[in-house]
Amino acid sequence: FVTDAMRGKIRKADGSPAVFHSLEAGAIASSLTHDNEIISAVLLHDVIEDTKVTVEQLRKKFGDRVTQLVLAGSENKRIGIPPAESWKIRKEEEIEILKDTQDIGVKILFLADKLSNLRSVAVGLQRKGEAYWQNFNQKDPKEHYWYYSEIGRSLNVLQDTPEYKEYDRLLKAVFEGDQNE
């Protein structure tokens, strides 16, 4: 389902098929839990946000729990407002969702998604240097550091997992220069 939904979609930062991110995030989630609904939601986490799949289609195919998890991780894109202008509010809303929830499924979804993203950022910076940030709607790495740091703080329930430790390690590696400025 996710492969079909994401067919032809590419990641703006590196041009790779977007489904690879979904699959990587799903693999990360499967190392954190054996709950098939959580893993399914992680695999599907971008379909509402980035494809034509509707909430109703998702609910019919995967049920309420998977749909609720996907929705928790889906940004309100604010159609009609340039993405660069809505970036901060969208990220603040995600952080609030994480701070307000006790649902471990939501926490796993965010950790899997954001760890996959940080892995991509680390590789992108190695390949392209600071020019890599120009691929994003928000081009200031300090803003990304703020965002990923806040996400990390909101995931502290998972802090003893290897995945969280990798997230924390990558956060420091990617943004170390920004922390000292």
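See the structure printed just above.
Rules used throughout
Residues numbered from 1 in each chain as written. Predicted model: local features only at pLDDT ≥ 70, side-chain atom pairs only at ≥ 80, totals over all residues. Heavy atoms only, no water. Phe/Tyr/Trp six-rings, centres within 6.5 Å; stacked < 30°, edge-to-face > 60°. Helix = DSSP H or I, 4+ residues; strand = E, 2+ residues; numbered from the N terminus. Buried < 20%, exposed > 50% of the residue type's maximum accessible area, 1.4 Å probe, protein only. Axes fitted to C-alpha atoms, helices over the stretch in contact; angles between N-to-C directions. Parallel < 35°, antiparallel > 145°, perpendicular 65-115°, else oblique. Left-handed = near helix turned anticlockwise from the far one by under 90°. Contact = heavy atoms within 4.5 Å. Nonpolar A, V, L, I, M, F, W, Y, C, P; charged D, E, K, R; others polar.

Q: Give a description of the packing of aromatic side chains that names residues and reports values.
A: Both the distance between ring centres and the angle between the ring planes are used here to describe each pair of aromatic rings. A complete count under the given rule lists 12 aromatic pairs for this structure. With a centroid separation of 6.4 Å and 50 degrees between ring planes, the pair formed by Tyr148 and Tyr167 is classed as tilted. Here Tyr148, found in helix α9 (residues 141-154), pairs with Tyr167, found in helix α10 (residues 162-179); they are 19 residues apart in sequence, far enough to count as distant. For Tyr148, a relative accessible area of 7% puts it in the buried group. Judged by centre distance (6.3 Å) and plane angle (25 degrees), the rings of Tyr164 and Tyr167 are stacked.

Q: I'd like a rundown of the packing of helix α2 (residues 18-32) against helix α8 (residues 104-128), residues and numbers included.
A: How two helices sit against one another is set out by the angle between their axes and by the gap between those axes. Orientation of α2 relative to α8, taken along the N-to-C sense of each, is 130 degrees, at an axis distance of 8 Å. Compared by their axis directions, α2 and α8 come out oblique. For the pair α2 and α8, the sense of crossing is right-handed. In contact with His21, Glu24, Ala25, Ile28, Ala29 and Leu32 of α2, α8 contributes Ile108, Leu111, Ala112, Asp113, Leu115, Ser116, Asn117 and Arg119. Split into classes, the residues belonging to the contact of α2 with α8 amount to eight nonpolar, three polar and three charged.

Q: Give a detailed account of the side chain of Gln138, specifying residues and quantitative values.
A: Looking at the element boundaries, Gln138 is found in the loop between α8 and α9. The exposure class of Gln138 is buried, given its relative accessible area of 16%.

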